[in-house]
Amino acid sequence: MGTDAPRSKGHRRVRRLMIVLGIVVSLVVVTAGLGVWTVTRSFPTLAGTIDIAGLTDTVTVTRDDAGIPQITAKTAADLFLAEGYVHAQDRFWEMDFRRHVTSGRLSELFGESQVGTDTFVRTLGWRAVAEQEVALLDPVTLGYYQAYADGVNAYLDTYQGADLSLEYAVLGLQNPGYEVEPWTPSDSVAWLKAMAWDLRSNLDDEIDRALLSSTLTPTEVSQLHPSFPADQHPTITGSQTVIVPSAGAPAAAPNVDSTDVPAAAAGSVTSSTAPGASGAGSIDSYAGALTELRAHLGSVPELLGPAGGEIGSNSWVVAGALTDTGKPLLANDPHLGPALPSVWYQVGLRCQSITTDCPFDVAGYSFSGMPGVIIGHNERIAWGFTNLGPDVADLYVEKVTGDSYEFDGVLQPLLLRDEKISVAGGDDVKIEIRSTGHGPLLSGFEGTTYPQIASDFPEAAGLPPAPIAAAGADQTTYELSLQWTALTPGRTAAAIFALNQATDWTSFRAAAALFEVPAQNLTYADVDGNIGYQAPGLIPIRASGNGTLPVPGWTSQYGWTGYIPFDALPSTFNPPSGYIVTANNAAVDQSYPYLLTADWDLGYRANQITARLQTLIATKTPLTAELMSDIQGDNYSAIAAALVPALQQVRLTGDAAEAQTLLDGWDYQMDADSAAAAYFNVIWSTLLHDMFTGKIDAGAALTGGDRAFSVVTSLLAEPNSPWWSNGAYGTVGQESTLRRVMTDASVEAVDLMGSNPTEWQWGSIHTLELTNQSFGKSGIAPLEWLFNRGPYELAGGSAVVNAVGWDATQGYQVDWVPSMRQVVSLENFDDSTWINLTGASGHAFHPNYTDQAPLWRDHETRPWLFTPAAINVTATNTLTLEPAS
């Protein structure tokens, strides 16, 4: 959250393997034909009767024409066993691939190219922490996870290899000895760690600030990392005032109390010319470790999407006094990276009779590989998620000497553990994982070395000198460790079931208290007419510092002293306004007594959603489910509204002048068929390139989202700012830069969309290819043809409510999307609507592989039926699961 990090290159190291596989697949397809290839062999049985070991009674699975299952059972164990079976039917390759990622075992699938990624993930210890969490589960919760695993394994007992999924047939060409292992509860819980990692808040910002400070002044670093403009955009629990800034309005000043933190940590980032930044000395002393860590961050597969400010969500809830039904409405659309199949799996879970032993009647979006429902509603309450984005991860600069590290003046032994990575087609690789008391060391892999600590550094930091190593002994160097809440065993694995069976605000908050990592914004509504918001999570209290820069690890001065108490976390219930808006904007105002983060999303989406609601309320328009869905598709661009007036003042000639007229009378909507939106976005991409290339390194590039919006908008009122000049392009000042940018953009637009500007369309270049996360990124056309679908021409953009985001450093293709959309009616759940990005099935060529994608693209939804009577009317298949004799 709250960062414009460059797009990650997570899967590119499998490219060489994919070339080999692509050649083989091409030969197979050409010589055998897809008919012989029998891609349908893994399609699951959807009707009839199947006997399953472990069931205690009959379970029914009904599906509609979208293949969405509704599962009904008499016991909770049977319910989750059936959910595991159904997930395996539709998505097992996705599940298997994910567990290899989360356990650092991709090399077992794809060979030696993945050893580096596996080493990094094992160093983080996702799987190890998951196993600890499973050991701490109460017997009932552990029983749910075990029942789910039993259901998955019942399916694996019957199907193997290509009968499970087409991907196994492709994998078998290169790795014929691979055998699927049984599923375990730890496989499920480890997914929560990957989820937390992709929602890891400001770790990328922390690295970015530190590296920028080696070449830029403190003022320049602050300009590139503006703080939340609380005077212009609403907070979740505070002011709902919406102020639309005029063109050129400066960004708000950093919101930090410098009396509570060291100068550098308070936003006055010290450059490398003044040793002691954040108390951690010269950035140059550990810049190599930071650069190495940034590269490793990019190597981890992006299970939720590329890192950056576009991973977020919209969710809002309105009270019945404002709706047409007299009961609340709740909307939610999480913004993640696009994947095929979608990260979400729609499902209904119903106990035939609600009892203490079987308390579930819930429907919504699940994760394949996880029992229960993550986002959705039960028979009494509905809830939504957006990422809270608190700062829950800190980098520590450690003084490491051999197998020891310094802490409070004493050398402590590093915590060491050895692991073995199995490599498909190669020898096992042994690795050593090193940790300090803060957490794992994330630098120094593969023999990397860093400069010896400078003799003047400790004094500059105001700390006693490091022990001097004897002649011939190990040298003392800087390395980076990570303290992160997700590496402490927690209770989130139990929170899902508590949430699924909550019946009111009190039980909902009790469930939220268990949801420790990743910390989320939870919106709430119930059938009694109440609405609410609760921020849960483990959020650290620091002895000093504010988490914006790496801090010294050799002293307890910067350690964590505890966590913000749950009852002190942001919360509101039935606010007087009658609505609550969460869009990753600041949850609190400056009066809040604890530090949550210095890196909020800057609130453009929250501002627009709030403005839309306020306009409807002011005109006494009853809010309907249709209006809520319409707001989800809002394409208004705040940066266009701020920047276009300046663009219209630029004096242009020729083709650029003709293109400039497209901006006249434009309503700033990022519609797919808009010529103005197409030209503006080419201008925007070119502007970011020309303003910042050569001034900041590529790893810190502004990718075009909320942070870039704020930076450029704040500079509109400073036409002579050095940021507007770039000697590499011969531009001096704002007018010169905008003229060059608009001229170059018109040339690029012609190359992309043709010579007639009136025929340009944003959607023609803003396209989405739904991509298989494993085999879909090979660069080999036949292989990608098997698994990928698209392209789809899309509306929307970055920092727009319809958050179809794109990375301006990479092109115009879509990198982040509303991964699903839901609108829940608390008056009648059968009047709710939902849509998924792709479809229920993970099987290529299955009718439900991407059947929801065209509806999603066109911003249409499907009826979300909940009552048994309504579900039965639309059921197209019924599968009966019986206990095996």
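All figures in this text were calculated on a predicted structure; none of them were measured in a lab. (Residues numbered from 1 in each chain as written. Predicted model: local features only at pLDDT ≥ 70, side-chain atom pairs only at ≥ 80, totals over all residues. Heavy atoms only, no water.)

Trainee: How should I be thinking about the nonpolar core in this particular structure?
Mentor: F92, W197 and L881 are the most contacted members of the largest nonpolar core, which has 171 residues in total. Per-element tally for this core: the top contributor is helix α2 (residues 76–102), with 13 residues. For F92, the residues in contact, after removing those within four places along its chain, are H87, R99, V152, L156, L164, Y168, V180 and W183. Ranked by size, the runner-up nonpolar core spans 58 residues in total, among them L216, V644, A677 and A678. (Core = buried A, V, L, I, M, F, W, Y, C linked by side-chain atoms within 4.5 Å. Buried < 20%, exposed > 50% of the residue type's maximum accessible area, 1.4 Å probe, protein only. Helix = DSSP H or I, 4+ residues; strand = E, 2+ residues; numbered from the N terminus. Contact = heavy atoms within 4.5 Å.)

Trainee: Just checking my understanding: could you explain helix α16 (residues 625–632) for this structure?
Mentor: For the α-helix, the turn length of 3.6 residues means that residues three or four positions removed from each other point alike. Of all the positions in α16, only A625, M628, S629, I631 and Q632 are classed as buried. Along the axis of α16, the buried positions cluster into a sector of 155°, meaning they face one direction only. Here the buried face of α16 lies against β4 (312–318), β5 (329–336), α15 (604–618) and β27 (820–825). (Arc of directions from axis to C-beta.)

Trainee: Sorry, what's going on with the sheet that holds strand β2 (residues 59–63) here?
Mentor: The strands making up a sheet associate through backbone hydrogen bonding, with each pair oriented either parallel or antiparallel. What the eleven strands build is an open sheet, ordered β1-β30-β2-β3-β6-β7-β8-β9-β16-β17-β21; its pairing is mixed. A strand with exactly one partner marks an edge of an open sheet, and here the two such strands are β1 (48–52) and β21 (571–573). Each strand axis lies, on average, 15° off the axis of its neighbour in the sheet, ignoring direction. Bridge analysis of β1 against strand β30 (residues 877–883) gives five bridges, and the strand direction is parallel. Bridge pairing in β30 places D51 opposite E882. Sheet contacts for helix α13 (residues 492–500): β7 (361–366), β8 (375–378) and β9 (381–387); angle to β9, the most-contacted strand, approximately 145°. (Pairing = 2+ DSSP bridges. Axes fitted to C-alpha atoms, helices over the stretch in contact; angles between N-to-C directions.)

Trainee: I keep staring at the environment of S342 and nothing clicks. Help me out?
Mentor: Topologically, S342 is positioned in the loop between β5 and β6 (345–351). Apart from residues no more than four positions distant in its own chain, S342 is found in contact with R91, E94, S819, N836, L837 and T838.

Trainee: I keep staring at the pattern of salt bridges and nothing clicks. Help me out?
Mentor: Oppositely charged side chains can pair when the atoms bearing their charge come close. Summed over all chains, the structure comprises 36 salt bridges. The shortest N-O distance in the salt bridge between R127 and D187 comes to 2.4 Å. Taken together, the positions of R127 in helix α5 (residues 126–136) and D187 in helix α8 (residues 185–198) put the pair 60 residues apart, joining distant regions of the chain. Its salt-bridge partner being D858, residue R857 comes within 3.0 Å of it at the nearest N-O pair. Salt bridges here are not isolated pairs; linked through shared partners, they connect D96, R99, R127, E131 and D187. (Salt bridge = Lys/Arg side-chain N within 4 Å of Asp/Glu carboxyl O.)

Trainee: It is not clear to me how the state of the cysteines should be interpreted in this structure. Could you clarify?
Mentor: In protein structure, a disulfide is the covalent linkage between the sulfur atoms of two cysteines. Counted according to the given criterion, the structure contains one disulfide. Across the disulfide, C351 is cross-linked to C358 (sulfur-sulfur distance 2.0 Å). Note on the C351 and C358 pair: the S-S dihedral is about -85°, so by sign convention the disulfide is left-handed. (Disulfide = S-S within 2.5 Å.)

Trainee: Looking at this model, I keep getting lost on the packing of α2 against helix α6 (residues 139–156). Mind explaining?
Mentor: The axes of two packed helices give the description: the angle between them and the distance between them. Two elements in contact, α2 and α6, have axes whose closest approach is 7 Å; the angle formed by their N-to-C orientations is 50°. Between α2 and α6, the crossing angle belongs to the class labelled oblique. As α2 runs across α6, the sense of the crossing is right-handed. The segment α2 lies against α6, with A76, A77, F80, L81, E83, G84, Y85, H87, A88, Q89, F92 and M95 engaging Y144, A147, Y148, D150, G151, V152, A154, Y155 and L156. Per-class residue counts for the contact of α2 with α6 are 15 nonpolar, four polar and two charged. (Parallel < 35°, antiparallel > 145°, perpendicular 65-115°, else oblique. Left-handed = near helix turned anticlockwise from the far one by under 90°. Nonpolar A, V, L, I, M, F, W, Y, C, P; charged D, E, K, R; others polar.)

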